[in-house]
Amino acid sequence: MMRALYSGVSGLKTHQTKMDVIGNNISNVNTVGFKASSTTFADIMYQTTSGATAATATTGGKNAMQIGLGVSTAATKVSITSPGAAQSTGDALDIRLTNGSSTNFFIVNNGTENLFTRAGSFYLDGAGNLAMTSTGYTVMGWQVDPLTGDIRKDTVSALRIMQADNMTSSPEATTKANVSGLIDKNDTNVTSDAGYVRTLSFFDNLGYSYTAKFAYKAVDTDAGTYSVELTNIYDSDNNDILAEWLDKQGVDAAGSDALDQIFGNDTTAVKSFSVSKNYTLDNSTNPASITYTENGTTYTMVTGADGAPVTVGGELGYNFTDGAGNQTFRSIADIYGIDADTAASGTLAVDTTTGMLNLTYDTTNYTLQFNTSDGTFRFIDSAGTTSVSLNMSLLGDNFEDISIDFSHLLNQNHGGSSTAEFEKGSADKATDGTGKKLGQLTGVSIDGTGKIYGSYDNGNTVLLGQIPVAQFANASGLESLGNNCYGTTLNSGDFDGIGVEVTADGGSMTTGQLEMSNVDLSEQFTDMITTQRGFQANSRIITTSDTLLEELVNLKR
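Basis of the calculations
Residues numbered from 1 in each chain as written. Predicted model: local features only at pLDDT ≥ 70, side-chain atom pairs only at ≥ 80, totals over all residues. Heavy atoms only, no water. Helix = DSSP H or I, 4+ residues; strand = E, 2+ residues; numbered from the N terminus. Rg over C-alpha atoms; globule rule 2.2 N^0.38 Å. Contact = heavy atoms within 4.5 Å. Areas by Shrake-Rupley, 256 points an atom, 1.4 Å probe, with all protein chains shown as cover. Lys, Arg positive; Asp, Glu negative; His and termini not counted. Charge placed at Lys NZ, Arg CZ, Asp CG, Glu CD. Pairing = 2+ DSSP bridges. Buried < 20%, exposed > 50% of the residue type's maximum accessible area, 1.4 Å probe, protein only. Arc of directions from axis to C-beta. Polar contact = N/O pair within 3.5 Å; in protein donor to acceptor, adjacent residues only side chain to side chain. Salt bridge = Lys/Arg side-chain N within 4 Å of Asp/Glu carboxyl O. Expected span 1.5 Å × (residues − 1). Axes fitted to C-alpha atoms, helices over the stretch in contact; angles between N-to-C directions. Parallel < 35°, antiparallel > 145°, perpendicular 65-115°, else oblique. Left-handed = near helix turned anticlockwise from the far one by under 90°. Nonpolar A, V, L, I, M, F, W, Y, C, P; charged D, E, K, R; others polar.

Moving on, we come to the overall build of the protein chain. What the protein chain contains, in helices and strands, is seven helices and 37 strands. Here the C-alpha radius of gyration of the protein chain, 47 Å, is well above what a compact globule of 557 residues would show, namely 24 Å. Counting only C-alpha atoms, the protein chain reaches 175 × 50 × 45 Å along its principal axes. For the protein chain, the share of sequence-separated contacts (at least 6 apart) that also reach a separation of at least 24 residues comes to 60%. Element-wise, carbon and sulfur atoms account for 48% of the exposed surface of the protein chain, whose accessible area totals about 28,400 Å². Taking the average place of the 30 positive charges on the side chains of the protein chain and the average place of its 61 negative ones, the gap between the two points comes to 21 Å.

So, in structure tokens, the structure goes:
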């Protein structure tokens, strides 16, 4: 009879334990990454009142007579391998683990030891470390090898994402450029003295920005021939560093500057000027006649065979005669409207056939040749050449030479408006050789393999680290330590200190989501009902045994 009392007591204790587990499960129904537990019972031991006997020739055997002594809690099992539902948060630092053939855990550190968790709610703390939002434990991971830029898979360490080295991305010098659009021969800019001016912006090795200015000019539009020349290179403070460099280089024995070392070939060009309004040009005769009338007398310009002007009183000009032996002198400024500086920039001569004053001057440029049949590009500089170099390295060690591709330039009608433009990078791959300024960190993202990337305002995306996972031979053997963390035990298997990539066995990481609790409320409520009934039944054992004992005591009366 006493055995029944103690069996009832053990039943009450075990069912109370099971109720405690159920209560813990339900209380954590909304806890991120929580894993539900279940309770397993086992009978305790048996008192044998009669042993078993073997069968004989005349009688059968007899089983042992045993009376059980109650129940005990055999185990509490955590359903750690069962994933919880996904909850979308939109936070880039919230990560949900998806298992492959093994159960994966994030590796975190509390300052003294590595712990493991399925709760992927992280943030960047004041020191720039990736950490758990609930505890502040730092997330452990693999660092980037500074020599190769690849992940170095060795002992995990704290992922300090916002360290000083990661706040900026190195600048890159521009090494390639391309030209697109078209040149229209009817564009007045192309036929003007200044030309059709376009600019190319580029970077040096230090990330400073510069602007090179080019001019397209018509040479022989009917033959599809044009030129392109470099006129200026400005820094961000609008200083012309090309002019400064040319001044330092000086001129050679022939009087030419060093511009051809930077861009173009030394050549000559001709600029023509017509007579001003006070003079009359008649090119219907050969040689052409240039006259002016003063006080009723007509004077005709006299030129030599070479058409060169003469110098009278320190001024360049031409003599005129009235046909009666009287001769006067007129300066080229008066006849053709050009100033002394323009006149001094080259060699002047009148074309006796046309009457135009030609100024032949030195220039540095590349010849652009187009097909006259369809306006497509033929070559620049020489046949078969599509690219030329802007030799910026001569201006300083902080520059790289820039290869400029002109092969996409066209020479076609566009209503008298040209559209040619310079762009950084190669034409077929816009980001190749574009160059970049010093980049500032603007964002952090994590991909499905756990790799962490930094985004910078110069367009760079840089690998900053990787989040590995821990896997165990017996994940259910891990010890729950609270705060959504687990520790290793003798029955879970050890952590090697390195971890594995989450994709090694088919797992993945999903950002912007969290793994919720895997508690099934319908299952928990059902267990609660059966536990309550079990507790009630065991309590009846005690009250019934008490009644029997009371009857036994009453026998004495």
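Looking now at the pairing of strand 34 (residues 479–482). The pairing of strand 34 with strand 35 (residues 485–487) spans three bridges and is antiparallel. Looking across to strand 35, one finds that Glu-479 is bridged to Gly-487. As consecutive antiparallel partners, strand 34 and strand 35 are separated by two residues, and within that stretch Asn-483 has a phi angle of approximately 55 degrees, a positive value.

So, on to helix 3 (residues 241–249). Buried within helix 3 we find Ile-241, Leu-242, Trp-245 and Leu-246. For helix 3, the buried positions fall inside an angular range of 135 degrees around the axis, keeping them on one side. For helix 3, the exposed residues lying more than 90 degrees away from the buried face are Asp-247 and Lys-248. Buried residues belonging to helix 3 abut strand 16 (209–220), strand 17 (225–234) and helix 4 (259–262). Sitting at the amino-terminal end of helix 3 is Asp-240, which places a side-chain oxygen 3.2 Å from the backbone nitrogen of Leu-242. Phi turns positive, to about 75 degrees, at Gly-250, one or two residues after helix 3.

The phi angle of most residues is negative, glycine excepted, and most peptide bonds adopt the trans form. Unusually for a residue other than glycine, Asn-238 sits at a positive phi of about 70 degrees. Located in the positive-phi region is Asn-483, a residue other than glycine, with phi close to 55 degrees. Within the fold, Asn-483 resides in the loop between strand 34 and strand 35. Look at Asn-483 and you get partly exposed, because its relative accessible area is 49%.

For the structure on display, the rule yields nine salt bridges. When the shortest N-O distance is used, the salt bridge between Asp-432 and Lys-176 registers 2.9 Å. With a gap of 256 residues between them, Asp-432 in the loop between strand 30 (421–424) and strand 31 (439–446) and Lys-176 in strand 14 (residues 176–182) connect regions that are remote in the sequence. The exposure class of Asp-432 is partly exposed, given its relative accessible area of 29%. Each of Lys-35, Arg-118 and Glu-515 takes part in salt bridges that share partners, so that together they form one network.

Here Asn-63 shows up in the loop between strand 2 (46–50) and strand 3 (65–68). Other than its neighbours up to four places away in sequence, Asn-63 contacts Gly-51 and Ala-52.

Take helix 7 (residues 521–554) next. Look at helix 7: 49 Å from first C-alpha to last across 34 residues, which is about the 50 Å you get at 1.5 Å a residue. Burial in helix 7 covers these residues: Gln-524, Thr-531, Gly-534, Asn-538, Ser-539 and Ser-545. Check the buried side of helix 7 and you find it contacts helix 1 (2–27).

Relative to each other, helix 1 and helix 7 sit at 160 degrees, their axes nearing to 8 Å. Classified by the angle their axes make, helix 1 and helix 7 are roughly antiparallel. The two elements helix 1 and helix 7 meet at a crossing, and its hand is left-handed. The residue inventory of the contact of helix 1 with helix 7, partitioned by class, reads 15 nonpolar, 13 polar and three charged.

Side chains on a regular strand alternate between the two faces of the sheet. Of all seven residues in strand 11 (residues 138–144), six are buried; the element is thus mostly enclosed. Taken together, the two bridges between strand 7 (residues 106–109) and strand 11 define a ladder with antiparallel strand orientation. From the neighbouring strand, Asn-109 faces strand 11, where its bridge partner is Thr-138. Relative to strand 12 (residues 151–158), strand 11 runs antiparallel, the two being bridged by four bridges. Looking across to strand 12, one finds that Gln-143 is bridged to Arg-152.

When you line up the elements, Arg-330 lands in strand 24 (residues 327–331). Relative accessible area serves as the criterion here: at 19%, Arg-330 is assigned to the buried category. Among the polar contacts listed, one links the side chain of Arg-330 to the side chain of Tyr-292, at a separation of 2.9 Å. Apart from the residues lying within four places of it in its own chain, the contact partners of Arg-330 are Tyr-279, Tyr-292, Glu-294, Gly-317, Tyr-318, Phe-320 and Ile-335.

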